[in-house]
Amino acid sequence: MMRSALKATLVVLFEAMAIAFAIFFFWRVQQQYTAIAQSALVEMQSGSALLLLPLILPILHLMSIAEARFANGAHQAKFRKMQSRFFIVFVVMLVAIGFVVNQMVFSTLNEQGYQACKLVVHQTRTTFTFYSKDLALCPEA
């Protein structure tokens, strides 16, 4: 009994974290649009679209619930094949959504007349690049 409660708690915790990461990604995009509208110097972060990938966990959970509820005997193999295809499509969609959203932000930067500064900060999974309307405002290394 205790193990099932712990298991359920961990599943809920991980799924909540996955949703929080996705919300953070979209909040970060909104903050970038705000910075573009209000500032002559904007810091852009690459790699933030990876925050959408943890949404795979809630989808897998929903798929397992659907399988337990709807897949029976003769239809189980067909249902699993459909699930695997749906999962692949969903993962590709997550990557595509992240890419498209980031490209929309960079397109807005270009439309507003921003130019990339020379200073680029590389970290483990992300790169920070500064964009400015006036290159004299760019930070020095």
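Residues numbered from 1 in each chain as written. Predicted model: local features only at pLDDT ≥ 70, side-chain atom pairs only at ≥ 80, totals over all residues. Heavy atoms only, no water.

With respect to the sheet that holds strand β3 (residues 127-132)
- The sheet built from 3 strands is open, its strands ordered β1-β3-β2 with antiparallel pairing. Both edges of this open sheet fall to β1 (41-45) and β2 (115-122), since each of them pairs with a single strand only. Strand after strand, the sheet turns through a mean of 25 degrees between neighbouring axes, direction not considered.
- As judged from the 5 bridges shared by β2 and β3, these two strands associate in the antiparallel manner. Note on β3: the bridge partner recorded for Val120 is Thr129. (Pairing = 2+ DSSP bridges. Helix = DSSP H or I, 4+ residues; strand = E, 2+ residues; numbered from the N terminus. Axes fitted to C-alpha atoms, helices over the stretch in contact; angles between N-to-C directions.)

Let's talk about the pairing of β3
- Counting buried positions along β3 yields 5 of 6 residues, so the element is predominantly enclosed.
- Where β1 meets β3, 5 bridges bridge the pair, whose relative direction is antiparallel. Across the sheet, residue Met44 finds its bridge partner in β3, namely Thr129.
- Two successive antiparallel strands, β2 and β3, enclose a turn made up of 4 residues. (Buried < 20%, exposed > 50% of the residue type's maximum accessible area, 1.4 Å probe, protein only.)

What to know about helix α2 (residues 56-70)
- Here α2 spans 21 Å end to end across 15 residues, near enough to the 21 Å set by a 1.5 Å rise per residue.
- Regarding α2, the residues found buried are Ile56, Pro58, Ile59, Met63 and Glu67. (Expected span 1.5 Å × (residues − 1).)

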